[in-house]
Amino acid sequence: MNTVQGARARARAEVTAAIKDEARRQLAADGAAKLSLRAVARELGMVSSALYRYFPSRDDLLTALIVDAYDAVGEAAEEALAQQRPAASPAARWTAVCRAVRTWALAHPHEYALIYGSPVPGYTAPEATVVPASRVGLVLISIARDAHLGKGVAPPKPPARLLAEGERMAADFAPDLPPAVAVALVAAWAQLFGLISFEAFGQFHRVVEEREAFFTHAAEQLARSVGLVLPA
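One structure accompanies this document, and this report is about it. (Residues numbered from 1 in each chain as written. Predicted model: local features only at pLDDT ≥ 70, side-chain atom pairs only at ≥ 80, totals over all residues. Heavy atoms only, no water.)

A word on the overall build of the protein. A count of helices and strands for the protein gives 11 helices and zero strands. In sequence order, the secondary structure elements of the protein are arranged as α-α-α-α-α-α-α-α-α-α-α. For the protein, the spread of C-alpha atoms along the three principal axes comes to 60 × 50 × 35 Å. Across the 232 residues of the protein, 40% fall into the buried class. Pairs at least 24 apart in sequence give 69% of the contacts found in the protein among residues at least 6 apart. When the accessible surface of the protein is totalled, it reaches about 12800 Å², and 56% of it is carbon and sulfur. Charged side chains in the protein number 24 positive and 24 negative. The centres of these two groups are separated by 1 Å. (Helix = DSSP H or I, 4+ residues; strand = E, 2+ residues; numbered from the N terminus. Buried < 20%, exposed > 50% of the residue type's maximum accessible area, 1.4 Å probe, protein only. Contact = heavy atoms within 4.5 Å. Areas by Shrake-Rupley, 256 points an atom, 1.4 Å probe, with all protein chains shown as cover. Lys, Arg positive; Asp, Glu negative; His and termini not counted. Charge placed at Lys NZ, Arg CZ, Asp CG, Glu CD.)

Further remarks concern the side chain of Glu199. Tracing the backbone through its elements, the reader meets Glu199 in helix α10 (residues 179–200). Of the residues examined, Glu199 reaches a relative accessible area of 12% and is grouped as buried. Within the local environment of Glu199, its side chain forms a polar contact with the side chain of Arg102, the two groups lying 2.9 Å apart. Setting aside chain neighbours within four positions, we find Glu199 in contact with Arg102, Leu106, Phe204 and Arg211. (Polar contact = N/O pair within 3.5 Å; in protein donor to acceptor, adjacent residues only side chain to side chain.)

On to the nonpolar core. Leu61 and Trp94 are the most contacted members of the largest nonpolar core, which totals 61 residues. Those elements giving two or more residues to this core turn out to be α1 (3–30), α2 (37–44), α4 (58–82), α5 (90–107), α6 (109–116), α8 (135–148), α10 and α11 (211–225). No other element matches α4, which puts 11 residues into this core. In contact with Trp94, other than residues within four places in its own chain, are Leu140, Ile143, Leu185, Ala188, Ala219, Leu222, Ala223, Val226 and Leu228. (Core = buried A, V, L, I, M, F, W, Y, C linked by side-chain atoms within 4.5 Å.)

Here the focus is the side chain of Arg135. With respect to the element layout, Arg135 can be found in helix α8. Of note is the side chain of Arg135, whose polar atom sits 2.6 Å from the side chain of Glu78. Residues within four places of Arg135 in sequence aside, it is in contact with Asp71, Gly74, Glu75 and Glu78.

Take the packing of aromatic side chains next. By the definition in use, this model includes six aromatic pairs. Pairing Tyr70 with Tyr116 gives two aromatic rings, centres 5.9 Å apart and planes at 85 degrees, and the pair type is edge-to-face. Placement of Tyr70 in helix α4 and of Tyr116 in helix α6 is noted, with a sequence separation of 46 residues between them. Note on Tyr70: relative accessible area 13%, which makes it buried. Plain terms: the ring middles of Tyr112 and Phe201 are 5.9 Å apart, the flat faces sit at 45 degrees to each other, and that makes the pair tilted. In this pair, Tyr112 is assigned in helix α6 and Phe201 in the loop between α10 and α11, connecting sequence segments 89 residues apart. (Phe/Tyr/Trp six-rings, centres within 6.5 Å; stacked < 30°, edge-to-face > 60°.)

Written out as structure tokens, the structure reads:
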């Protein structure tokens, strides 16, 4: 890449970042349903036609914000796992990852709401969001996989009515894990974000006061549900 091309690429990256920053500000102020390319362009002093060269539609901008949010929470989960001591138990690794996801969500409530809150009317997430959305789940699967291929696990028993479903799930995303573990992982993944959403969206008001301790306890129980043995 020559000097001119490099300068153009940097300029485009800077404008793209500014557009997304303004869009996030508008998400925080008005919600995703009211996000408008014209409003973003106006706040940045751009004409709409110029902004369309970066994001042809509102949905394209929303998709970029969604991918960024999924990547950010996924990176938080991956970093939490990487920072664990080699001697840390699988249950401790699991709990650390869950806590990191919660910390990110509470620090970025509007971005969390964009990916785990109410669907945006008229918007359908494209295939480009699938891989970023999988990052947290893949971290949790990796912890379970390492544990079940080693020691210190108590595999859950599969309910007979979900055996075929568990086999399908395992084939889809965890072929080296027992079907019962695949079922337990999906349930734990859903419960993790249910816990975080209850806190982020105010459902624990006047119900749970010691929220960090409560969350840690719940995350440990989720670890147990997928067969990870908690330290005595």
